[in-house]
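# Observations on the three-dimensional arrangement
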Amino acid sequence: MRIAEDSPQRLVLVDQGIVISLVCFAAAAIVLVMPLLNHGSSGDNRILAAFLALFGLLVFRRSSAEFDGVTQTCTVRFLRVLGSKRRSLSFGDIREVHVDTEPLTDQRDPKFRLTLETTSGLLPLTDFYNSDLQRHDAVRRAILAVLGREEAADPDPVHFLIRQGRTMDAVTLLRQRDKLDLTTARQRVSEMEDALKHP
């Protein structure tokens, strides 16, 4: 997510999953136009172009989160081609802001997204994960500032994964981030789990 507006009383975050949609629309246009440029018929390509355009529409996602310091409310909106969702909650319902990590494998770099921990569970602020951890940390700090909270909780995504019971993801993230071997990463995660159980 990126910050669209940041003032002492209002913070607006926006995330758009438009890149994949644009690639699909461009591919559909190329599939239709190329035969015409070669003086052929685009008839056989219409189905493929329609499929690409439809896929581009279906994967379009936009989300936004507005934190209003005056009314002490947060409104999260998800817009999709097939509908939209809206959720409002008070600042008091937000327990913490986390940098969440997607399920990991050793073959991929870790990707992150922001998630609100609320009194009724976790609320991701976007459908998409991306690899910019520093930007997520900066946005997290901006959210905590408008909520009027100190940065009390540990923003380390490894600790968040451990608290969620995602031990294997925590080990994988620690290995990738800190360039550790499997045994060392497992040992560190085990130590972190013990520290969280017995603060």
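Bear in mind the structure is a predicted one, so any value in this text is a computation, not a measurement. (Residues numbered from 1 in each chain as written. Predicted model: local features only at pLDDT ≥ 70, side-chain atom pairs only at ≥ 80, totals over all residues. Heavy atoms only, no water.)

## A few points about the packing of helix α5 (residues 167-178) against helix α6 (residues 182-197)
Packed helices, taken two at a time, are described by their axes: the angle between them and the distance between them. Put simply, α5 and α6 touch, their axes get as near as 9 Å, and they point 125° apart. Classed by the angle they form, the pair α5 and α6 counts as oblique. When the axes of α5 and α6 are compared, the crossing they make is right-handed. Across from Thr 167, Ala 170, Val 171, Leu 174, Arg 175 and Asp 178 in α5, the residues of α6 making contact are Leu 182, Ala 185, Arg 186, Arg 188, Val 189, Met 192 and Glu 193. Residue composition of the contact of α5 with α6, by class: seven nonpolar, one polar and five charged. (Axes fitted to C-alpha atoms, helices over the stretch in contact; angles between N-to-C directions. Helix = DSSP H or I, 4+ residues; strand = E, 2+ residues; numbered from the N terminus. Parallel < 35°, antiparallel > 145°, perpendicular 65-115°, else oblique. Left-handed = near helix turned anticlockwise from the far one by under 90°. Contact = heavy atoms within 4.5 Å. Nonpolar A, V, L, I, M, F, W, Y, C, P; charged D, E, K, R; others polar.)

## Brief notes about the pattern of salt bridges
Summed over all chains, the structure comprises 10 salt bridges. A salt bridge links Asp 169 to Arg 166, with the shortest nitrogen-to-oxygen separation between them at 3.0 Å. Under the relative-accessibility criterion, Asp 169 is labelled buried at 13%. Among the residues examined, Arg 166 registers a relative accessible area of 18% and is labelled buried. (Salt bridge = Lys/Arg side-chain N within 4 Å of Asp/Glu carboxyl O. Buried < 20%, exposed > 50% of the residue type's maximum accessible area, 1.4 Å probe, protein only.)

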